Amino acid sequence: MALIEVEEVHRSYRIGGSWIRALDGVSMNIQQGEFVAVKGASGSGKSTFMNILGCLDRPTEGRYRLDGIDVSRLHHDALAGIRNRSIGFVFQSFNLLPRASAVENVELPLLYRRMWPGTRRRRALAMLEKFGVANRAYHKPSELSGGQQQRVAIARALVAEPSVLLADEPTGALDSHTGQEIMDIFRDLNGERVTVVVVTHETKVAATADRMVTFRDGRLVPEEAGTRSHLNLDAADHLSLVRSNAG
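What counts as what
Residues numbered from 1 in each chain as written. Predicted model: local features only at pLDDT ≥ 70, side-chain atom pairs only at ≥ 80, totals over all residues. Heavy atoms only, no water. Helix = DSSP H or I, 4+ residues; strand = E, 2+ residues; numbered from the N terminus. Areas by Shrake-Rupley, 256 points an atom, 1.4 Å probe, with all protein chains shown as cover. Phe/Tyr/Trp six-rings, centres within 6.5 Å; stacked < 30°, edge-to-face > 60°. Buried < 20%, exposed > 50% of the residue type's maximum accessible area, 1.4 Å probe, protein only. Pairing = 2+ DSSP bridges. Contact = heavy atoms within 4.5 Å. Axes fitted to C-alpha atoms, helices over the stretch in contact; angles between N-to-C directions. Core = buried A, V, L, I, M, F, W, Y, C linked by side-chain atoms within 4.5 Å. pLDDT = per-residue confidence, 0-100. Salt bridge = Lys/Arg side-chain N within 4 Å of Asp/Glu carboxyl O.

This brings us to the overall build of the protein. Helix and strand counts for the protein come out as 7 helices and 10 strands. Surface summary for the protein: the accessible area is close to 11,300 Å², and the carbon and sulfur share equals 48%.

Structure (structure tokens):
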């Protein structure tokens, strides 16, 4: 069984007096441990697709199963629970709480699980150590570089051991050297069997993935497999993930 199973998913929105179809019968599977890049021009449907994968939206028709659970028709509270338990998010703009320290930001998903404070703090510090920013644990985001903030964000995304990591333009706010460091982290995580799905418009970032999927007019176009070294990407719009995995 695939980790992510999307079957004939449609998503339509009512705008004024008209219905706009953002997704038109999308079907695909993502296996545990895959690293998938998502691309497509603005309005192609990829943002809607990623919102559905992240349980931030629900399909109008069709089914979406995450780790064997049909989440297609779950109510909002149940979706928030799935996000907290099964999905880690990494954003272009980091989305760290500005008044909280790095370790407090990493603790956030565990706080929503009502984990005992001592255990929560130990796990958060261990994740900061894993990503090389333990020495900045008690600094606020404004006191960190962009690369350090993204490392903290990755630690937060993974501290609750989610099934899948969804990344929205994770290098978009970073210089090329720091961006490469972040992608190396994703590659290493994928080597540890973490499932990674990343939206990007950068060729080098997409080339890190094992598989690329492309959206056009709400549909998937034929996939390009084994193209890590020679991807040619269109300009991509930003993914509109605006909520954290805490719901």
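What follows covers the packing of aromatic side chains. As enumerated under the stated definition, the model contains 2 aromatic pairs in all. Ring geometry for Phe89 against Phe91: centres 6.0 Å apart, planes inclined by 25 degrees, an arrangement best described as stacked. Relative accessible area serves as the criterion here: at 3%, Phe91 is assigned to the buried category.

Here the focus is the pairing of strand β1 (residues 4-15). For β1 and strand β2 (residues 18-30), the ladder comprises 10 bridges, and the chain directions are antiparallel. Within the sheet, the bridge partner assigned to Val9 lies in β2 and is Val26. In this structure, the hairpin formed by β1 and β2 is closed by a connection of 2 residues, where Gly16 is found at a positive phi of approximately 65 degrees.

Okay, unusual backbone geometry next. A positive phi angle, near 50 degrees, is found at Glu8, a position not held by glycine. One can find Glu8 in strand β1. Positive phi values are uncommon outside glycine, yet Arg193 reaches one of about 75 degrees. You can see Arg193 is positioned in the loop between α6 (176-191) and β8 (195-199).

Read from one edge of the open sheet, 4 strands run β2-β1-β4-β5, paired in antiparallel fashion. Looking along the sheet, the strands with just one partner apiece sit at the ends: β2 and β5 (69-70). As paired strands, β1 and strand β4 (residues 61-66) are joined by 5 bridges and run antiparallel to one another. From the neighbouring strand, His10 faces β4, where its bridge partner is Glu61. Across the sheet, helix α1 (residues 46-53) touches β1, β2 and β4, and the angle it forms with β1 is around 120 degrees.

Mapping Ser86 onto the fold places it in helix α2 (residues 76-86). In contact with Ser86, other than residues within four places in its own chain, are Leu66, Pro162, Ser163 and Val164.

Before going further, it helps to examine the nonpolar core. Residues Ile154, Leu165, Phe186 and Leu189 are the most contacted members of the largest nonpolar core, which totals 39 residues. Elements with a contribution of two residues or more to this core: β3 (35-40), α3 (102-112), α4 (117-130), α5 (146-158), β7 (164-168), α6, β8 and α7 (203-206). Ranked by residues supplied to this core, first place goes to α5 with 6 residues. Excluding its chain neighbours within four sequence positions, the residues that come into contact with Leu165 are Gly88, Phe89, Val90, Ala157, Leu158, Phe186, Leu189, Val194, Thr195, Val196 and Val197. By size, the runner-up hydrophobic cluster in this structure holds 30 residues, among which are Ile4, Val9, Cys55 and Phe215.

Another point: the environment of Val26. As for its position among the elements, Val26 is in strand β2. Separated by 194 residues in the primary sequence, Val26 and Leu220 place their C-alpha atoms 6.4 Å from one another. Apart from residues no more than four positions distant in its own chain, Val26 is found in contact with Val6, Glu7, Glu8, Val9, Phe49, Phe215, Gly218, Arg219 and Leu220.

Structurally, the position occupied by Lys140 is in the loop between α4 and α5. Not counting residues up to four positions away in its chain, the partners in contact with Lys140 are Pro98, Arg99, Ala100 and Ser101.

What follows deals with the confidence of the model for the protein. Predicted coordinates in regions of low pLDDT should not be interpreted in detail. Taken as a whole, the protein shows an average pLDDT of 86; of its residues, 90% reach a score of 70 or greater. This stretch, residues 225-247, has a pLDDT under 50; its non-local contacts, to residues over four places away or in other chains, come to 74 contacts.

With that settled, the discussion passes to the pattern of salt bridges. Evaluated as defined, the whole model comprises 10 salt bridges. Arg65 is the salt-bridge partner of Glu7, the closest N and O atoms lying 3.6 Å from each other. Of this pair, Glu7 sits in strand β1 while Arg65 sits in strand β4, and the two are 58 residues apart along the sequence. A relative accessible area of 41% places Glu7 in the partly exposed class. Note that Arg151 is salt-bridged to Glu181, the shortest N-O span being 3.5 Å. Here Arg151 is found in helix α5, whereas its partner Glu181 is found in helix α6, with 30 residues between them in sequence. One salt-bridge network, in which partners are shared between bridges, spans Arg21, Asp24 and Arg219.

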